[in-house]
Amino acid sequence: MLVIYNTLSKQKEEFIPLEKGKIKMYVCGPTVYDLFHIGNARSFINSDFIRKYLEYKGYEVSFAMNLTDVDDKIINKANAENKTPREVAEFFTRAFFDDIVKLGVKPATIYPKATEHIGDIISMIERLIQNGYAYNQDGNVFFDISKFKNYGKLSGKNIDDLIEGARVEINTAKQNPLDFALWKSAKPGEPAWESPWSTGRPGWHIECSAMSCKHLGDTFDIHAGGNDLIFPHHENEIAQSEAANGKTFVRYWLHFGFLNINNEKMSKSLGNFQTARDFLVHYSAETIRFFFAQTHYGAPLNFANEGLESAKRGLQKIDNLIQRITNSLESAVDVPDSLSAFDIAQFRTAFESAMDDDFNTPRACGVLFDFIRDANKALDAYPAAPRQLLIAIKEFLDITAAGIFGIASFEQANTNAPSLENELIELLISVRVEAKKQKQYQLSDFVRDELAKLGIVLQDGKDKTTFKKLS
RNA sequence: GGCGACGUACCCAAGUGGUUUAAGGGGAAGGUCUGCAAAACCUUUAUUCAUCGGUUCGAAUCCGAUCGUCGCCUCCA
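Rules behind the numbers
- Residues numbered from 1 in each chain as written.
- Chains lettered and ligands numbered in written order.
- Predicted model: local features only at pLDDT ≥ 70, side-chain atom pairs only at ≥ 80, totals over all residues.
- Heavy atoms only, no water.
- Helix = DSSP H or I, 4+ residues; strand = E, 2+ residues; numbered from the N terminus.
- Buried < 20%, exposed > 50% of the residue type's maximum accessible area, 1.4 Å probe, protein only.
- Contact = heavy atoms within 4.5 Å.
- Areas by Shrake-Rupley, 256 points an atom, 1.4 Å probe, with all protein chains shown as cover.
- Lys, Arg positive; Asp, Glu negative; His and termini not counted.
- Charge placed at Lys NZ, Arg CZ, Asp CG, Glu CD.
- Core = buried A, V, L, I, M, F, W, Y, C linked by side-chain atoms within 4.5 Å.
- Domains from an automatic or database assignment.
- Pairing = 2+ DSSP bridges.
- Axes fitted to C-alpha atoms, helices over the stretch in contact; angles between N-to-C directions.
- Parallel < 35°, antiparallel > 145°, perpendicular 65-115°, else oblique.
- Left-handed = near helix turned anticlockwise from the far one by under 90°.
- Nonpolar A, V, L, I, M, F, W, Y, C, P; charged D, E, K, R; others polar.
- Polar contact = N/O pair within 3.5 Å; in protein donor to acceptor, adjacent residues only side chain to side chain.
- Expected span 1.5 Å × (residues − 1).

K.L.:
Quick question: what am I supposed to make of the overall build of chain A here?
P.N.:
Within chain A, the regular secondary structure consists of 15 helices and 15 strands. When the 471 residues of chain A are sorted by exposure, 49% land in the buried category. Contacts spanning at least 24 positions in sequence make up 76% of the contacts within chain A whose residues lie at least 6 apart. Within the structure as shown, chain A displays about 22,300 Å² of accessible surface, and the carbon and sulfur contribution to it stands at 50%. Side-chain charges in chain A split into 54 positive and 63 negative, and the spacing between the mean points of these groups amounts to 3 Å.

Okay, here's the thing in structure tokens:
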């Protein structure tokens, strides 16, 4: 049974999709005005874990992620760089896709863009006005939160407290300081579309409502995003969508904890961020994915060098087993009963029960490492590598480490399959073995050291020397 | 000011009433292997869960207080 913590109810709930076997899922995507940072990457990668696990469970997942390509920040950036907002948006949209692929994130089913849904947005606003939830003030349309009785149900805020809070800006055009813009009339030079109210552009929140409803339906299963979106963004999405459609908007809300740096939220406005692109110069995608997987998606996570180094080393344990399997598969012998001594099904069950419990990736990682330890032990028990056991171990790793987590890869494992390079290395190894036999240790150490300089590490085993290429 | 989250070993981090006298990763120590190393693998590493009270047959887990950290209330994943 899959259980998900729902922000709306503040508790774990059994997950039952609206339509059997199918899941409609929406994650708030980027505003394409800059490269995204690793804090943003945390949301994308956590969504990726969740999506891949749901697919592993056999669900057909329709996964939509919006691209906000019209926004103040894009306009500002364009002005600052003497470009059109469209050029800025297109440039960073491409950059987004490049980086997401490098991070090993499976592309969403659809990436709706705000600028391609202006018609849907306008018709949703029209419905809101018709239903009495919105008003036009000199070409600006605002949502009237006093008309929506459940306003605050997601974030647990009450309207009076919010009004008292000193931080709500007074905007005289609004009837209530908490009302928010659905449509903004454009200033000269800004991107703008014709509408019944003014030549202008959509407000921030409405695009998500219009696009998610269009592509996933008026009611859909999962909506995820960063913790900071709970209020006001998601609160406003609920108000708009439910006021326009008269139906429950989203059934399960999940929110990602922040990536902190020096125990402070990493954010564009604080300037304490590192772009994902820059990060990938120093570390692999597998490292950051594993680093994220070791903390629950909802908990805050401090981004520190120590933690990344620790993740990087931990990953080697997985790689070593993959390397071991890849190398020994060729010379493996048939041992049909080799499976009986090692109960893989038990690990599969443990892995699933961890993931079924609100996508508990840290616990699932624990299962993975228990598995690795036991798999090594099981293999040690055989004088020659048993094919059936190797295949079963590989299968488990393929599903978990390589598949759902994307923190390891059999494709990238360096094989000792014949290639000129590998044969040359083998030749040097046999020279070294010969030198060792004759106790010419100076020569054998020379071969070892020189190969090490080339990134090839020799591993003297019991009766065979193997090698490993460092990437 | 309002609302909320969190505080578990040297570091990171699961566990939220008995199967846990607390998973897993890093680190450290020991071992196997080795000419020596390295790598790899194996083993060990918290009677204790911020502090103090309380509830309970039984708590890291529930309740209260205290201290500390962080977030939202403004754009933000």
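K.L.:
Can you help me understand the nonpolar core in this one?
P.N.:
Here is a general trend for soluble globular proteins: nonpolar side chains tend to be buried in one another's company. The biggest cluster of nonpolar side chains holds 84 residues, and the ones touching the most others in it are Leu54, Phe303, Phe371, Ile393, Leu397 and Phe405. In terms of domain composition, this core takes at least three residues from each of domain 1 (3–293) and domain 2 (314–405).

K.L.:
Would you take a moment to explain the sheet that holds strand β13 (residues 301–302) for this structure?
P.N.:
Where strands meet in a sheet, backbone hydrogen bonds hold them as pairs that are either parallel or antiparallel. The three strands lie next to each other as β12-β11-β13, forming an open sheet whose pairing is mixed. Two strands lie at the open edges of the sheet, namely β12 (264–265) and β13, each paired on one side alone.

K.L.:
Would you mind going over unusual backbone geometry with me for this structure?
P.N.:
What you tend to see is this: most non-glycine residues have negative phi, and most peptide bonds are trans. In this structure, Pro232 follows Phe231 across a cis peptide bond, with omega equal to 0°. Inspection of the secondary structure assignment puts Pro232 in helix α7 (residues 230–245). Residues other than glycine seldom take positive phi values, yet Lys10 does so here, at roughly 55°. By secondary structure assignment, the location of Lys10 is in the loop between β1 (3–6) and β2 (11–14). Judged by its relative accessible area of 56%, Lys10 falls in the exposed class. Of note, the phi angle at Lys439 is positive, near 55°, even though the residue is not glycine.

K.L.:
Please explain the pairing of strand β7 (residues 180–185) as it appears in this structure.
P.N.:
When a strand is regular, its side chains alternate between the sheet's two faces. As paired elements, strand β6 (residues 140–143) and β7 share three bridges and run antiparallel to each other. Pairing of Phe142 across the sheet is with Ala181, part of β7. The pairing of β7 with strand β8 (residues 200–202) spans three bridges and is antiparallel. Bridge assignment links Lys184 to a residue of β8, and that residue is Arg201.

K.L.:
Which parts of the structure should I look at to understand the packing of helix α12 (residues 361–380) against helix α13 (residues 387–405)?
P.N.:
Helix packing geometry: the angle between the two helix axes and the distance between the axes. Contact geometry for α12 and α13: axes closest at 11 Å, N-to-C directions at 160°. Considering the angle they form, α12 stands roughly antiparallel to α13. Where α12 crosses over α13, the handedness of that crossing is left-handed. Across the interface between the two elements, Thr361, Ala364, Cys365, Leu368, Phe371, Ala375, Ala378 and Leu379 from α12 touch Leu389, Leu390, Ile393, Phe396, Leu397, Thr400, Ala401 and Phe405 from α13. Of the residues belonging to the contact of α12 with α13, the class tally is 14 nonpolar, two polar and no charged.

K.L.:
What am I meant to see in the environment of Thr466 here?
P.N.:
Here Thr466 lies in strand β15 (residues 465–469). For Thr466, a relative accessible area of 29% gives the class partly exposed. Along the backbone, Thr466 and Glu426 are 40 residues apart, and their C-alpha atoms lie at a distance of 8.5 Å. Ignoring any residue separated from it by four or fewer positions in sequence, one finds Thr466 in contact with Val457, Leu458 and Gln459.

K.L.:
Just to check I follow, could you spell out the side chain of Asn360 for this structure?
P.N.:
Tracing the backbone shows Asn360 in the loop between α11 (344–356) and α12. Look at Asn360 and you get buried, because its relative accessible area is 17%. Reaching out from Asn360, the side chain makes a polar contact with the backbone nitrogen of Arg363 at a distance of 3.0 Å.

K.L.:
In this structure, what is going on with the environment of Gly298? I would like to understand it.
P.N.:
Tracing the backbone shows Gly298 in the loop between α9 (285–293) and β13. When its relative accessible area of 30% is taken as the criterion, Gly298 is described as partly exposed. The spacing of Gly298 and Gly257 is 41 residues in sequence and 4.4 Å in space, taken between C-alpha atoms. Filtering out sequence-adjacent residues up to four positions away, Gly298 remains in contact with Asn227, His255 and Gly257.

K.L.:
What is the right way to look at the environment of Thr400 in this model?
P.N.:
By the element assignment, Thr400 lies in helix α13. Looking at Thr400, the relative accessible area reads 1%, which means it is buried. Considered as a pair, Thr400 and Asp319 are 81 residues apart in the sequence and their alpha carbons are 13 Å apart. When near neighbours in sequence (up to four residues on either side) are disregarded, Thr400 contacts Phe351, Leu368, Phe405 and Gly406.

K.L.:
Whenever I open this one, α11 confuses me. Can you help?
P.N.:
Because an α-helix packs 3.6 residues into every turn, residues spaced three or four apart end up facing the same way. The terminal C-alpha atoms of α11, which comprises 13 residues, lie 18 Å apart, in line with the 18 Å expected from a rise of 1.5 Å per residue. If you check which residues of α11 are buried, you get Ile344, Phe347, Phe351, Ala354, Met355 and Asp356. Packed against the buried residues of α11 are β1, α1 (38–56), α12 and α13. Capping the start of α11 is the job of one residue whose side-chain oxygen sits 3.4 Å from the backbone nitrogen of Ala345: Asp343. Where α11 terminates, the next one or two residues include Asp358, which has phi positive at roughly 55°.

K.L.:
Please clarify how the sheet that holds strand β9 (residues 220–226) should be interpreted in this entry.
P.N.:
Reading across the sheet, the four strands line up as β4-β3-β9-β10 and stay open at both edges, with parallel pairing between neighbours. In this open sheet, the two strands that pair with only one neighbour each are β4 (60–65) and β10 (250–256). The average undirected angle you get between the axes of adjacent strands in this sheet is 20°. In this sheet, β10 lies alongside β9 in parallel orientation, the contact comprising six bridges. Pairing of His223 across the sheet is with Trp253, part of β10. Helix-sheet contacts for α7 involve β9 and β10, and the interaxial angle to β9 is about 160°.

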